[in-house]
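So the chains spell out like this:
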Amino acid sequence: MISTNRIFNCYKDELKYQIYSKTLLLIFIISISLAAINLYGLVSKAEGAYDVYVRTYNEFKDAGIDVEAMLKSPLNRDIKQTGSDRLTKVDNPVRFQFEEAGIASQLLKGPNIITNTLEWLDFVFFPIIFTLLGIHFVSYDYKYKTYKLKVIKAKWNKLFAGKLFALFTCTFFIFISTLIASYIIGLYFHSQVVNRIPLEQFSSLPQIDNNKLIIQLVFSLFICIFFALIGFLMGILFKSFILPTIIFLVFNLILPVLGKYDIRNMIAIISHEIFEFKGRFILFMPAYIPLYQSITLLVAIAILIIAASFLYLSRQGKYYN
Amino acid sequence: MIEITNLTKRYGKYIVFKDLNISFPTNKFTLITGPNGSGKTTLLKCLLGLEKYTGIIKFSNKSIYDILDEVQVVYDNCPLYANLSGYQNINSLGNNLLNQVEELLPKIHIDKKMLDNKVKNMSFGQRKKLGFILALAQKPKYLLLDEMTNGIDYESLLQISDILKNSDQLMTIIAIGHSLEFYSPLVDHLVIIKNNTVVSQEEIKCSGGGLVDLYKQNI
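Residues numbered from 1 in each chain as written. Chains lettered and ligands numbered in written order. Predicted model: local features only at pLDDT ≥ 70, side-chain atom pairs only at ≥ 80, totals over all residues. Heavy atoms only, no water.

Let's talk about the interface of chain B and chain A
Our working definition: We call two residues contacting when some pair of their heavy atoms lies within 4.5 Å. We define buried area as the total accessible area lost by two parts upon association, computed with a 1.4 Å probe and summed across both. A pairing counts as a salt bridge when a side-chain nitrogen of Lys or Arg comes within 4 Å of a carboxyl oxygen of Asp or Glu.
Each side of the interface is counted separately: chain B has 27 residues, and chain A has 22 residues. Of the roughly 2,400 Å² buried between chain B and chain A on both sides combined, carbon and sulfur atoms contribute 60%. Three residues stand out in chain B for area buried against chain A, namely Leu50(B), Leu68(B) and Tyr81(B), and they jointly supply 25% of the buried area on that side. Applying the counting rule to chain B against chain A returns one salt bridge.

Here's the deal with the layout of surface pockets
Residue and element names in this part refer to chain A. Basically, it comes down to this: Residues are called lining when one of their atoms sits within 4 Å of a cavity or pocket point, these points coming from a 1 Å grid over the protein atoms alone, where a cavity is a set in which a 1.4 Å probe fits but cannot get out and a pocket is an open set with protein on both sides within 12 Å along at least five of seven lines. Grid points are joined across faces, edges and corners, and a volume is the space filled by probe spheres set on the points. Helix and strand assignments follow DSSP, with helices taken as H or I runs no shorter than four residues and strands as E runs no shorter than two, numbered in order from the N terminus. The nonpolar class holds Ala, Val, Leu, Ile, Met, Phe, Trp, Tyr, Cys and Pro. Asp, Glu, Lys and Arg form the charged class, and all remaining residues, Gly among them, are polar.
As a volume, the largest pocket reaches approximately 680 Å³. Lining the largest pocket are 21 residues, and of these Arg-86, Glu-276, Phe-277, Lys-278 and Ile-282 sit closest to its centre. Broken down by secondary-structure element, the contributors of at least two residues to the lining of the largest pocket are strand 1 (77-82), strand 2 (85-90) and helix 4 (93-106). Of all the elements, helix 4 adds the most residues to the lining of the largest pocket, at four residues. By residue class, the composition of the lining of the largest pocket is ten nonpolar, five polar and six charged.

A short note on the state of the cysteines
The term disulfide refers to a covalent linkage connecting the sulfur atoms of a pair of cysteines. All names here are of chain A. In plain terms, the rule: Whenever a pair of cysteine sulfur atoms sits within 2.5 Å, that pair is classed as a disulfide. Residue exposure (1.4 Å probe, protein chains only): buried if accessible area is under 20% of the type maximum, exposed if over 50%, otherwise partly exposed.
With the rule as written, the count across this model stands at zero disulfides over all chains. Free cysteine Cys-10: the closest other cysteine sulfur is in Cys-170, separated by 15 Å. With a relative accessible area of 8%, Cys-10 lands in the buried category.

With respect to empty space enclosed by the protein
A full pass over the atoms with the stated rule returns two cavities of 30 Å³ or more. Volume-wise, the largest cavity comes out at about 180 Å³. Looking at the largest cavity, it is lined by 16 residues, and the ones nearest its centre are Leu149(A), Gln72(B), Val73(B), Leu134(B) and Gln138(B). Elements with a minimum of two residues in the lining of the largest cavity: helix 6 (147-153) of chain A together with strand 5 (71-74) and helix 4 (124-136) of chain B. The dominant element in the lining of the largest cavity, judged by the number of residues it contributes, is helix 6 of chain A, at four residues. Partitioned by chemical class, the residues of the lining of the largest cavity number eleven nonpolar, three polar and two charged.

Quick notes on the pattern of salt bridges
Tallied over the entire structure, the rule returns 15 salt bridges over all chains. The salt bridge involving Glu276(A) is made with Lys278(A); its shortest N-O contact spans 2.9 Å. Note that Lys112(B) is salt-bridged to Glu102(B), the shortest N-O span being 3.9 Å. Here the residue Lys112(B) occupies a position in the loop between helix 3 (98-104) and helix 4, and Glu102(B) occupies one in helix 3, the gap between them amounting to ten residues. Under the relative-accessibility criterion, Lys112(B) is labelled partly exposed at 44%. Beyond isolated ion pairs, a larger network of salt bridges with shared partners links Glu14(A), Asp141(A), Lys150(A) and Lys163(A).

See the structure below:
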């Protein structure tokens, strides 16, 4: 009971610091801004796709072709994938542009807003944001040398357990609040799209199937926690903010995917199962490994990271100078 | 009573202490002094459980980890969150003891308004005083002071001295330092460390230059 109380006190102290230092607010603003950029891009995409459709329609009509017949005719696509490049050949450009405009106009509708926000943030921005958050959670007490005070309030394992739970809480809070805010922004943008594009003409098109929303949310939250844990471990190993941040950014943004067991490849394997990438972001095609192997390995890595963090902490000196 | 029995501390092959035995009397003021590099700070780290060692350290027959709530320490460099205000530091490091801290502020010449400032804008002495009252406000049974007098002006030293004088009946205070003139009116028990061992451990209640004489005799 005393142990639980000590962990809870450490947890509360962590949250207080994050609130006072405005870290949560800053990350929330960054996440919302990134989500808003994507949603605004979806508005442009919908408008652009509609313009292209109208232009294509008029061009074919001016050429004396029966465009209404074309619109009713089926569309055949010949897709060729070369590495990450995808070439799509179509036999019915009017119908193709009609469908493209119809899909683009649906991206800001209801739950599709959430899916598109997740597709946009999950694979570049959330990994960076939450890794940096994890590094920050561990490193700020090294920076201010306040571990020396904190390890007198609670034993190191309880102190870091409190930190870890606070990190999970903040990750969850930022994740949920970003999605709620982006949903509200998306609804506003959708109202703008409705004003500019006569959406009723696309009502004959099938609606985007969004029955994987729950699994998308769970997987996205896992990604956030996974990278927060990576940051947590890096913060413990390097005891500073700058160096692990640079190392992670080089790994995530500059180094190519190092093989099928690279975590980015394993994440991509799962992502292609649950996301369709119809919005502005298209994830690279991963090297094949079975889905269950990706899931098992990622969960195992997350558990190993927690174990490694506490093992390393148990071996290092406690006088955090 | 804090009892250290057969304390041995080594860094690799270098032995800092070997079979050290010290007793710190309850509700008394103990000063640990000695030349630079004699191992005073290492002893403090061992007392706080921040270093691995062999031997036994007991606080009233309990391990430090069983009485963490009863221990407070003021470090020489006085770690605080420089990016937060004084009040925010009190809230996040001081277990919600704002009222107790505010009661102590006038005794140590700290204006409440100063606590609105970020710690990075405070002088070293102001930070140290804030760290001191933060520790004191928690009414610990054991108060450890590492080089408490460094960076503090004369008037504040007198105020701190008064506070400590009134507190040493309520808590066991262990101070590490060299300012013998400052500690002279406070000390009940003196421990002198030299060459990584205790060369003198005496029950005293001296005034004036008594401590200086004792120090000269042993060093």
